[in-house]
Amino acid sequence: MSRFFTNDHEWIEVSGEVGTVGITDYAQGQLGDITFVELPEVGSTVRKGASVSVVDSVKAASDVYTPVSGEVVEINEALGDAPETVNGDADGAGWLFKVALSDRGELDALMDEAAYSAYIAGL
Amino acid sequence: MSALNPSGWQPSMGDAQGSGSELVTSSGDRGLMFEEPLSFEIGALDKCGVDMDEPGGEPVAALGAFLRKSAPDLPGLTEPETVRHYSRLSRQNYGIDLGPFPLGSCTMKHNPRLNEKLARLPGFADVHPLQPPTTVRGAFEAMDELSKWLIALTGMAAVAMSPKAGAHGELCGLLCIRAAHDHAGEARDVILVPESAHGTNPATAAFAGFKVESIPATASGRVDLAAMKAKLGPHVAGVMITNPNTCGLFEPEMKAISDTVHAVGGYVYCDGANFNAIVGKVRPGDLGIDAMHINLHKTFSTPHGGGGPGSGPVVLSEALCPFAPLPFTVRTGDGEAHLVEESNAAAIGHTLAFGRMTAFHGQMGMFTRALTYILSHGADGLQQVAEDAVLNANYVLRSCDDLLAAPFGSAGPCMHEALFSDSNLPEGFGTLDIAKGLIDEGFHPMTVYFPLVVKGAMLVEPTETESKAGLDRFIASLRHVARRALNGDETLHAAPVLAPRRRLDETLAARKPVLVWQRDPG
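Residues numbered from 1 in each chain as written. Chains lettered and ligands numbered in written order. Predicted model: local features only at pLDDT ≥ 70, side-chain atom pairs only at ≥ 80, totals over all residues.

## Quick word on the overall build of chain A
Helix and strand counts for chain A come out as 3 helices and 9 strands. The order of helices and strands in chain A, counted from the N terminus, is β-β-β-α-β-β-β-β-β-α-β-α. Here the C-alpha radius of gyration of chain A, 13 Å, is about what a compact globule of 123 residues would show, namely 14 Å. Structurally, chain A occupies a C-alpha span of about 35 × 35 × 20 Å along its principal axes. Burial analysis of chain A (123 residues in total) assigns 37% to the buried set. Counting contacts in chain A only where the partners sit at least 6 residues apart, residues at least 24 apart contribute 62% of the total. (Helix = DSSP H or I, 4+ residues; strand = E, 2+ residues; numbered from the N terminus. Rg over C-alpha atoms; globule rule 2.2 N^0.38 Å. Buried ≥ 20, exposed ≤ 12 C-beta atoms within 10 Å, placed from the backbone. Contact = placed C-beta atoms within 7 Å.)

In structure tokens, the structure reads:
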């Protein structure tokens, strides 16, 4: 398993042909208390970079862009009742959706953990 | 100091927490500061404040299965109880008539009483949109006069008066753009919107059926022209630009932006929310803009927010005016202003209107107020409005930029609003603390966390309304609160402590809002 990151502060953890997507701990810290998460529809086809989800916080509503293209195969239903999970565990239980990758090559353009750490250190 | 409940005491706090007094009242009220219950909690639900006949007869029979089995839970207040309830609540309200309203991106300015006086003249106040046109000549004359001023001030070809607010005006402008492309047989489905735009811009474009693509900002807070060029093409219907933008900055490349967009067949929509910063100084028509709404409730001082309905007339370029929605006024050969409707549009050659934005002609009461503001200021006075609004904002910016970070402060003067951020505050202190601290100081906070392109933004728009003495009081308070944060004063996290309510749990309010009163909660 390996985890990749985007400039827009999403992470994707790839296992086999399925990637689990969430927002980073840095992103949840910037957003503040999250009050609502709008998730994509299971079965929908998404294109890399498209806005597929929205995270509402007390400060702002922010789009979440999918790091890869493919089909949404699962969403984190538990966030409906407990959006605060994204604040508490953005890297784990606060995941948003899972995508069946249509092009693994898209992962090459993403950052690894070290590169992302350096990226946010420069912000 | 807040005039309301200076101690900040509430009944739920008991006597221990900082009331500053040992005295506990039996009522829960404190002096003449009231803890007002909900209307449902006053009087009895099974009583009615007015006498009404017992229901019966045909109307009841006609309801059939919809007839209620039991009485609805409605508050049972008498007239004096009702009057007192709302008067007591109004004492806890904060409005433009109580003090400065520094909200950036909102343009909360004084509503001159002359506007109100003229809007109450029976010939304006008592007209009905279905009256025969011959009986409302004066109202048409006033509308036409206002139209002429708006066209002259913007350097545009025509104005659609009916849109009822800024976002409604945006929709009107985009529908004109859509109609123009449809008429030319072009299928263009993308609207470009800068990152710093008002949230309504992308929302309007999406509502009008366009796809939205965003244009990044430059380091100096302006539209990145090169990035915009890269996104232009035959699929782009137009761009929406706010100028001056929501960072309080003028887009100096506006003409180049317009020319570039026109060169590929697109149109330029300008969000005129900040027109008050340039009115009488710059004509949007000279910048190549094709459509722009004007918030009469911002630039031209008509009541705003809860104080009154908005009004967002849209000025249009030569290219777009054939598509302007009905109705509008036109002065015909008889020298009088007439309303152009579906029935007579063809007679003046207006055959391509995209439709209507509203059932009737627009916000007559706001037209009267805006026209009064314009005529009482005159052309030179309106210029001074823009100059004073910009001067006041720069005065605030330069009076506080040694204590608060000013993200674009080094780029030169701002326009009508001063933008600060919390980036220089110590760890643990942020924009929210500054805003809440200002409430204790007796000021309504500025706009916070907007625009989104600046982290921890604080946007202050003093407008031309405030005197230097008034600005100095606000600046002194803002500096005091900023110093508390810079000094690591932990008590600031509790602010406001002197207001009728302490810091609210905004997260709980957003996650578990209680929106409906229930007879037996839980």
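## With respect to the confidence of the model for chain B
All names here are of chain B. Summing up the model confidence of chain B, the mean pLDDT is 91 and the portion of residues at 70 or higher is 95%. Across residues 15–19 the pLDDT falls below 50, and counting only partners more than four positions away or on other chains, this stretch makes 6 contacts in the model. Interface confidence for the predicted complex, given as ipTM, is 0.71, next to a pTM of 0.86. (pLDDT = per-residue confidence, 0-100.)

## What to know about the nonpolar core
Of all hydrophobic cores here, the largest spans 122 residues; its most connected members are Cys176(B), Ala291(B) and Leu316(B). Looking at which element gives the most residues to this core, the answer is helix α11 (residues 364–400) of chain B, with 16 residues. Both domains that meet at this core, namely domain 2 (155–370) and domain 3 (389–510) of chain B, each give it at least three residues. In this structure, Leu316(B) is in contact with Met156(B), Ala157(B), Ala158(B), Val159(B), Ala160(B), Cys176(B), Ala291(B), Cys321(B) and Ala324(B), ignoring residues within four places of it in sequence. Ile12(A), Val52(A), Val72(A) and Leu79(A) belong to the second-largest nonpolar core, a separate cluster that totals 27 residues. (Core = buried A, V, L, I, M, F, W, Y, C linked by C-beta atoms within 7 Å. Domains from an automatic or database assignment.)

## What about the sheet that holds strand β3 (residues 18–23) of chain A?
Residue and element names in this part refer to chain A. Taken in spatial order, the 6 strands make up an open sheet running β1-β2-β3-β9-β8-β5, and their pairing is antiparallel. Strand pairing shows two members of the sheet lacking a second neighbour, β1 (2–5) and β5 (45–46), which therefore form its edges. Relative to strand β2 (residues 10–15), β1 runs antiparallel, the two being bridged by 4 bridges. By the bridge assignment, Phe 5 is partnered in β2 with Trp 11. (Pairing = 2+ DSSP bridges.)

## Focus on the interface of chain A and chain B
Listed per partner, the contact involves 6 residues of chain A and 6 residues of chain B. Along the lines of polarity and charge, the residues of the side of chain A that touches chain B split into 3 nonpolar, 1 polar and 2 charged. (Nonpolar A, V, L, I, M, F, W, Y, C, P; charged D, E, K, R; others polar.)

## Digging into α11(B)
Since there are 3.6 residues in each turn of an α-helix, residues three or four apart along the chain are aligned in direction. Here α11(B) is 37 residues long, yet its end C-alpha atoms lie only 41 Å apart, well below the 54 Å a rise of 1.5 Å per residue gives. Its axis deflected by about 100° at Gly378(B), α11(B) carries its strongest bend there. (Expected span 1.5 Å × (residues − 1). Bend = angle between axes of the 7 residues up to and from the residue.)

## Regarding the packing of helix α6 (residues 166–183) of chain B against helix α7 (residues 200–207) of chain B
All names here are of chain B. Remark: α6 packs on α7, axes separated minimally by 9 Å, with the N-to-C direction vectors making an angle of 45°. On the basis of the axis angle, α6 is oblique to α7. The two elements α6 and α7 cross, and the hand of that crossing is right-handed. Contacts between α6 and α7 involve Gly 166, Ala 167, Glu 170, Leu 171 and Leu 174 on the former and, on the latter, Thr 200, Asn 201, Thr 204, Ala 205 and Phe 207. In terms of residue class, the contact of α6 with α7 is built from 5 nonpolar, 4 polar and 1 charged. (Axes fitted to C-alpha atoms, helices over the stretch in contact; angles between N-to-C directions. Parallel < 35°, antiparallel > 145°, perpendicular 65-115°, else oblique. Left-handed = near helix turned anticlockwise from the far one by under 90°.)

## Overview of the domain arrangement of chain B
We note that the domain assignment places domain 1 (37–91), domain 2 (155–370) and domain 3 (389–510) within chain B. Computed from C-alpha atoms alone, the centre-to-centre distance between domain 1 of chain B and domain 3 of chain B is 44 Å.

## Regarding helix α5 (residues 137–154) of chain B
All names here are of chain B. Taking 1.5 Å of rise per residue, the 18 residues of α5 would be expected to cover 26 Å, and the 26 Å separating its terminal C-alpha atoms lies within 8% of that figure. Among the residues of α5, those classed as buried are Ala 139, Ala 142, Met 143, Leu 146, Ser 147, Leu 150, Leu 153 and Thr 154. All buried residues of α5 lie within an arc of 140° about the axis, which places them on one face of the element. In the stretch just after α5, Gly 155 is the one whose phi turns positive, near 65°. (Arc of directions from axis to C-beta.)

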